[in-house]
Protein chains: 2
Amino acid sequence: MPLVNLDAIAVREIFPGLRARIVHTERTSQSWVEIDAGATFPVHQHPHEQVVNLIAGTLELTVAGETHMLTPGSVFVIPPHVPHSGRAVDACRVLDVFAPVREDYR
Amino acid sequence: MPLVNLDAIAVREIFPGLRARIVHTERTSQSWVEIDAGATFPVHQHPHEQVVNLIAGTLELTVAGETHMLTPGSVFVIPPHVPHSGRAVDACRVLDVFAPVREDYR
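Quick caveat: nothing in here was measured; it's all calculated off a predicted structure.

> Even after reading the chapter, I still don't get the packing of aromatic side chains, so can you show me in this structure?
Given two aromatic rings, their pairing is described by the distance between the two centres and the angle made by the two planes. All names here are of chain A. Under the criterion given, the structure shown has two aromatic pairs over all chains. Both rings, one in Phe 15 and one in Phe 41, keep their centres 6.1 Å apart while their planes meet at 15°; by these two values the pair is stacked. Of this pair, Phe 15 sits in strand β2 (residues 12–15) while Phe 41 sits in strand β5 (residues 40–44), placing them 26 residues apart in sequence. For the residue pair Phe 15 and Phe 41, the accessibility class agrees, reading buried in each case. Above the plane of the ring of Phe 98 lies Arg 102, whose end atom (NZ or CZ) is 4.8 Å from the centre.

Structure (structure tokens):
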């Protein structure tokens, strides 16, 4: 810190086919995520705000029971405690920004 | 909101050759930035934490008088109130995450 290279960060498999490299700051956790084509993640929720910045690929994201299709340039704001799940239509690269810090991922 | 398409957001020229599309959430401002090759931005500072996620290009970033070269995969955490400036070695795409919200950019 404060200059981090993602290649130097351990990869964490959050769900099968969904791998994250996470940088924690004072106020946020920046989670650089790769999702394999076809991989899914189940409905879950957390007390953190989550901003899904889609960098590459197509992500089907279901938030509070409503399904949205995210493509590069999509930014989705998931408020705290709102259930969400997803499926990578093709291989995805995502930057998820959590606030406050994901202490559970330290 | 909460699904935002960056194409639908007004472009703000923060400094000459540096254009931003900014999404404000409860706790952060996500600033999607394009910087022209060779463009510079002067020394400035703010009370917000800033995380510089380099998506594409090469960015020479000077923070507290020390110069760093950022390439895709670089994540740089600028603490609050720390002076910083920069120069795009070639055209850059950056996601700057500010916390708390940049009320001055609303």
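> Which parts of the structure should I look at to understand the interface of chain B and chain A?
In many analyses, interface size is given as the accessible surface area lost on bringing the parts together. Contacts between the two partners involve 28 residues from chain B, matched on the other side by 28 residues from chain A. Considering only the surface of chain B that becomes buried against chain A, B:Pro2, B:Leu3 and B:Val75 emerge as the three largest contributors, covering 22% of it. On inspection of chain B and its partner chain A, the count reaches 16 residue pairs in polar contact (both at pLDDT 80 or more). Broken down by secondary-structure element, the contributors of at least two residues to the side of chain B that touches chain A are β1 (3–5), β4 (29–35), β6 (49–56), β8 (66–70), β9 (74–78) and β11 (92–99) of chain B.

> I'm lost on the layout of surface pockets in this one. Help?
Over the atoms rolls a probe the size of a water molecule, and its path tells where empty space is left. Residues and elements named next belong to chain A. In this structure, the largest pocket spans a volume of roughly 230 Å³. Looking at the largest pocket, it is lined by 21 residues, and the ones nearest its centre are Leu 18, His 44, Gln 50, Asp 96 and Phe 98. Counting residues per element, the ones that place at least two in the lining of the largest pocket are β2, β3 (18–24), β4 (29–35), β5, β6 (49–56), β7 (59–63) and β11 (92–99). Partitioning the lining of the largest pocket into residue classes produces 14 nonpolar, five polar and two charged.

> Explain the pattern of salt bridges to me, please; I cannot follow it from the model alone.
Opposite charge on two side chains permits them to pair, given that their charged atoms come into close proximity. Residue and element names in this part refer to chain B. In total, this model carries eight salt bridges over all chains according to the counting rule given. For Asp 36, the salt bridge identified is with Arg 19, shortest N-O distance 2.9 Å. With Asp 36 in the loop between β4 and β5 (40–44) and Arg 19 in strand β3 (residues 18–24), this residue pair connects regions lying 17 residues apart in the sequence. Taking the relative accessible area as the measure of exposure, Asp 36 reaches 36% and is therefore partly exposed. For Arg 19, a relative accessible area of 26% puts it in the partly exposed group. Note that Asp 104 is salt-bridged to Arg 102, the shortest N-O span being 2.7 Å. Arg 102 sits in the buried class, given a relative accessible area of 6%.

Rules and cut-offs
Residues numbered from 1 in each chain as written. Chains lettered and ligands numbered in written order. Predicted model: local features only at pLDDT ≥ 70, side-chain atom pairs only at ≥ 80, totals over all residues. Heavy atoms only, no water. Phe/Tyr/Trp six-rings, centres within 6.5 Å; stacked < 30°, edge-to-face > 60°. Helix = DSSP H or I, 4+ residues; strand = E, 2+ residues; numbered from the N terminus. Buried < 20%, exposed > 50% of the residue type's maximum accessible area, 1.4 Å probe, protein only. Lys NZ or Arg CZ within 6 Å of the ring centre and 35° of its normal. Contact = heavy atoms within 4.5 Å. Buried area = accessible area lost by both parts, 1.4 Å probe. Polar contact = N/O pair within 3.5 Å; in protein donor to acceptor, adjacent residues only side chain to side chain. 1 Å grid on protein atoms, 1.4 Å probe; cavity = no way out; pocket = protein on both sides within 12 Å on 5 of 7 lines; lining within 4 Å. Points joined across faces, edges and corners; volume = space filled by probe spheres on them. Nonpolar A, V, L, I, M, F, W, Y, C, P; charged D, E, K, R; others polar. Salt bridge = Lys/Arg side-chain N within 4 Å of Asp/Glu carboxyl O.

Keep in mind that these numbers describe shape and distance, not what the molecule does.
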